[in-house]
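Listed below are the residues making up each chain.
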Amino acid sequence: AQTVTQSQPEMSVQEAETVTLSCTYDTSENNYYLFWYKQPPSRQMILVIRQEAYKQQNATENRFSVNFQKAAKSFSLKISDSQLGDTAMYFCAYSGGSNYKLTFGKGTLLTVNP
Amino acid sequence: DSGVTQTPKHLITATGQRVTLRCSPRSGDLSVYWYQQSLDQGLQFLIQYYNGEERAKGNILERFSAQQFPDLHSELNLSSLELGDSALYFCASSVYSASGEQFFGPGTRLTVL
């Protein structure tokens, strides 16, 4: 079974600084997707960034980028120029196999301090 | 706004009761997923439908059932409710059955008293 591990339950960063959230996963599949979802206090699940396993290039979306290390099964999220609105729970998620359901990590609560 | 709608937003009910949660996927999306988010279990996949057919089951209790209708909206039925069923229930949709990207609705907060 696929598993996703986020080893940092909580992190904090100063506004305008850079922070990296860690995620590791376990799978025997060769084709899969990895995601970072953001859940602010409103509880809405918002897709931040997506990575396809067959693509070697790391995905980037504005201030958000990932470091995808397929051999190490590692998928970290870097947030540059952190903003107060980035304060949220961040979930790493895996999708693959026969039905592409999402398997989530336990989340990292990120607080951006002014 | 993801384009996925869920009703109701909040639901308060008593143990032993039955409730129905409703989800309308994004226009054009054929696949619907249901997830449960609770403090102790985190985010868990419950069940998936694709174009009216059940495609996958996760950690869904026998007291729970779901269906997807011809207009592609989906309903999650929870019966014989227990205190432990209190959670946030999300619906997500995607275009294909095997598609990476899923878009989430705002969720239904269920409180069982």
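Note that the coordinates shown come from a computational prediction; the quantities given were computed from them, not determined experimentally.

**Student:** Now, about the packing of aromatic side chains: what can you tell me, with residues and values included?
**Tutor:** In the structure shown here, the tally under the stated rule is 18 aromatic pairs over all chains. An aromatic cluster is present here, built from Tyr33, Phe35, Tyr37, Phe91 and Phe104 of chain A together with Tyr33, Tyr35, Phe45, Phe90 and Phe104 of chain B joined pairwise through their rings. In this structure, Arg26 of chain B packs its charged tip against the face of Phe103 of chain B, placed 3.8 Å from the ring centre.

**Student:** I'd like to hear about the confidence of the model for chain A, residue by residue, with values.
**Tutor:** Any region with low pLDDT has predicted coordinates that should not be read closely. Per-chain confidence: chain A averages 93 in pLDDT, with 98% of residues scoring 70 or above. Looking across chain A, the model is least confident in strand E7 (residues 60-61) of chain A, with a mean pLDDT of 92, and most confident in strand E3 (residues 19-21) of chain A, with 98.

**Student:** Tell me about the interface of chain A and chain B, and please be specific about residues and values.
**Tutor:** The interface of chain A with chain B comprises 16 residues on the first partner and 20 residues on the second. Counting each side, the surface lost to burial between chain A and chain B is near 1,600 Å², with a carbon and sulfur contribution of 57%. Linking chain A to chain B there are one salt bridge. For Arg50 of chain A, the salt bridge goes to Glu101 of chain B, with nearest N and O atoms at 2.8 Å. Here chain A and chain B share six residue pairs in polar contact (both at pLDDT 80 or more) between them. Elements represented by at least two residues in the side of chain A that touches chain B include exactly strand E5 (32-39), strand E6 (46-52), strand E10 (88-96) and strand E11 (102-104) of chain A. For the side of chain A that touches chain B, the element with the highest residue contribution is E5 of chain A, accounting for four residues. Of the residues assigned to the side of chain A that touches chain B, the class counts are nine nonpolar, four polar and three charged.

Quick notes on the rules
- Residues numbered from 1 in each chain as written.
- Chains lettered and ligands numbered in written order.
- Predicted model: local features only at pLDDT ≥ 70, side-chain atom pairs only at ≥ 80, totals over all residues.
- Heavy atoms only, no water.
- Phe/Tyr/Trp six-rings, centres within 6.5 Å; stacked < 30°, edge-to-face > 60°.
- Lys NZ or Arg CZ within 6 Å of the ring centre and 35° of its normal.
- pLDDT = per-residue confidence, 0-100.
- Helix = DSSP H or I, 4+ residues; strand = E, 2+ residues; numbered from the N terminus.
- Contact = heavy atoms within 4.5 Å.
- Buried area = accessible area lost by both parts, 1.4 Å probe.
- Salt bridge = Lys/Arg side-chain N within 4 Å of Asp/Glu carboxyl O.
- Polar contact = N/O pair within 3.5 Å; in protein donor to acceptor, adjacent residues only side chain to side chain.
- Nonpolar A, V, L, I, M, F, W, Y, C, P; charged D, E, K, R; others polar.

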